[in-house]
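This is what each chain is made of:
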Amino acid sequence: MAPVIDIKGITKVYRVGVEEVRALRGIDLTIARNEFVAIMGASGSGKSTLMNILGCLDQPTDGSYVLNGSRADRLSAGALAEVRNKEIGFVFQTFELLARSTAIENVALPLVYSRLAWWGSRKRAREVLTMVGLGDRMKHRPNQLSGGQRQRVAIARALVNRPSLLLADEPTGNLDSTTSEEIIALFKRLHEQGQTIVIVTHEEDIAGHAQRIVRLRDGKIISDNPTLADPIHRDYLDRVARASVAAAGTAIAAREGGGAREGEGVSTGGVSDGVGGGVSGGVGGGVGGGGVRA
């Protein structure tokens, strides 16, 4: 079976005045159907440029890009727009939803430019909103939804045309840790259903959910490994494990220390009560009783 993505010798040169900025320097990358891949790199590594080329938002200076069996590096602007609509679903960090449109209207928008525009568009939009767990939020506008729900709408919009590739740029960047885990769990379910997914991220914990991590530096791929075989990710997991053990030890010590102090307090209280009760009872009883009897 042909891969979804097959790029060879991709370069990208930007000209700024008389200077040339080489954003990508001979990238070779193949992504098979139903793979879940994370692309990582520091600022300036070229990962955003690579994402733009993978998403047909920009053309390479040199090299070849085959997307789902068709050359995408030689297409006109109009043909690229059609490819983006039919073959690629985009998920952005900032959601990019129309503020005055409802969830179902936002999701159905890509269908306006496809053959499904005149039949079945709202039905398909309802299907994908239900798939991402928003069957009861279809008529809500973005300002009536939480950040996680807005990202789910964006994912539903990306899926509505049944794309060959789901391309996500920092999809958890604006979400808290709990909501991020929920969104990643949704990506994993989509992957289990056969969706090819590429996530561009700088977060090691998010990349760890992918099957494979591709790392860029200075416009070149410096490593391409299965996630659990990636040395940097394995080091990250070791550090997290050590931190968890240390935190657990600190918590146990704190509980034991608290228990010891509580025991000391009970013991002291008992002695105090006994002494106080005995003295006051004895003195009070003797003096009081003696006075009455006298």
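Everything here concerns the structure above.
As a starting point, this report considers the structure included with it. What you are looking at is a predicted structure, and each value in this text was computed from that prediction instead of being measured.

Description of the overall build of the protein
Next, step 1: Each helix and strand in the protein was counted, giving eight helices and 10 strands.
Next, step 2: In the protein, buried positions account for 41% of the 294 residues.
Next, step 3: Contacts spanning at least 24 positions in sequence make up 68% of the contacts within the protein whose residues lie at least 6 apart.
Next, step 4: Split by element, the accessible area of the protein, about 15,700 Å² in all, is 53% carbon and sulfur.

Details of the sheet that holds strand β10 (residues 220-226)
Next, step 1: Here six strands make up an open sheet; going across it, the order is β6-β7-β8-β3-β9-β10 and the pairing mixed. Looking along the sheet, the strands with just one partner apiece sit at the ends: β6 (88-91) and β10. Taken over all neighbouring pairs, the strand axes of this sheet differ in orientation by 20° on average, direction set aside.
Next, step 2: Here strand β9 (residues 212-217) runs beside β10; their pairing, made up of six bridges, is antiparallel.

Topic: a positive patch on the surface
Next, step 1: On the surface, a cluster of positive charge is contributed by Arg122, Lys123, Arg126 and Lys139.
Next, step 2: Mapping Arg122 onto the fold places it in helix α4 (residues 121-131).
Next, step 3: The partly exposed category is assigned to Arg122, whose relative accessible area is 43%.

Focus: the side chain of Thr49
Next, step 1: Take Thr49: it is sitting in helix α1 (residues 47-54).
Next, step 2: Classification of Thr49 as buried rests on a relative accessible area of 11%.
Next, step 3: Here Thr49 is in contact with Lys12, Tyr14, Ala23 and Leu24, once residues within four sequence places are set aside.

Overview of α4
Next, step 1: Within α4, burial applies to Ser121, Arg124, Ala125, Val128 and Leu129. One face of α4 carries all of its buried residues, which in axial projection span an arc of 135°.
Next, step 2: Residues of α4 that are buried make contact with α3 (103-108) and α5 (147-159).
Next, step 3: Within two residues after α4, Gly133 carries a phi angle of roughly 85°, on the positive side.

Side note on the sheet that holds strand β1 (residues 5-16)
Next, step 1: Spatially, the four strands line up as an open sheet ordered β2-β1-β4-β5, and their pairing is antiparallel. The two strands at the open ends of the sheet, each matched to only one other strand, are β2 (19-31) and β5 (70-71).
Next, step 2: With five bridges joining them, β1 and strand β4 (residues 62-67) adopt antiparallel strand pairing. Bridging across to β4, Asp6 finds its partner in Val66.
Next, step 3: Each of β1, β2 and β4 touches α1; the most contacted strand, β1, lies at about 120° to it.

Concerning α5
Next, step 1: A rise of 1.5 Å per residue sets the reference length of α5, with its 13 residues, at 18 Å; its end C-alpha atoms lie 19 Å apart and thus fit the reference within 8%.
Next, step 2: Gly147, Gly148, Gln151, Arg152, Val153, Ala154, Ile155, Ala156, Arg157, Ala158 and Leu159 are the residues of α5 that are buried.
Next, step 3: Summarising the contacts, the buried residues of α5 are in contact with β6, α3, α4, β7 (165-169) and α6 (177-192).

Reading the values: rules and limits
Residues numbered from 1 in each chain as written. Predicted model: local features only at pLDDT ≥ 70, side-chain atom pairs only at ≥ 80, totals over all residues. Heavy atoms only, no water. Helix = DSSP H or I, 4+ residues; strand = E, 2+ residues; numbered from the N terminus. Buried < 20%, exposed > 50% of the residue type's maximum accessible area, 1.4 Å probe, protein only. Contact = heavy atoms within 4.5 Å. Areas by Shrake-Rupley, 256 points an atom, 1.4 Å probe, with all protein chains shown as cover. Pairing = 2+ DSSP bridges. Axes fitted to C-alpha atoms, helices over the stretch in contact; angles between N-to-C directions. Patch = residues over 30% accessible without salt bridge, like charges linked within 9 Å, V, L, I, M, F, W, Y side chains within 5 Å. Salt bridge = Lys/Arg side-chain N within 4 Å of Asp/Glu carboxyl O. Lys, Arg positive; Asp, Glu negative; His and termini not counted. Charge placed at Lys NZ, Arg CZ, Asp CG, Glu CD. Arc of directions from axis to C-beta. Expected span 1.5 Å × (residues − 1).

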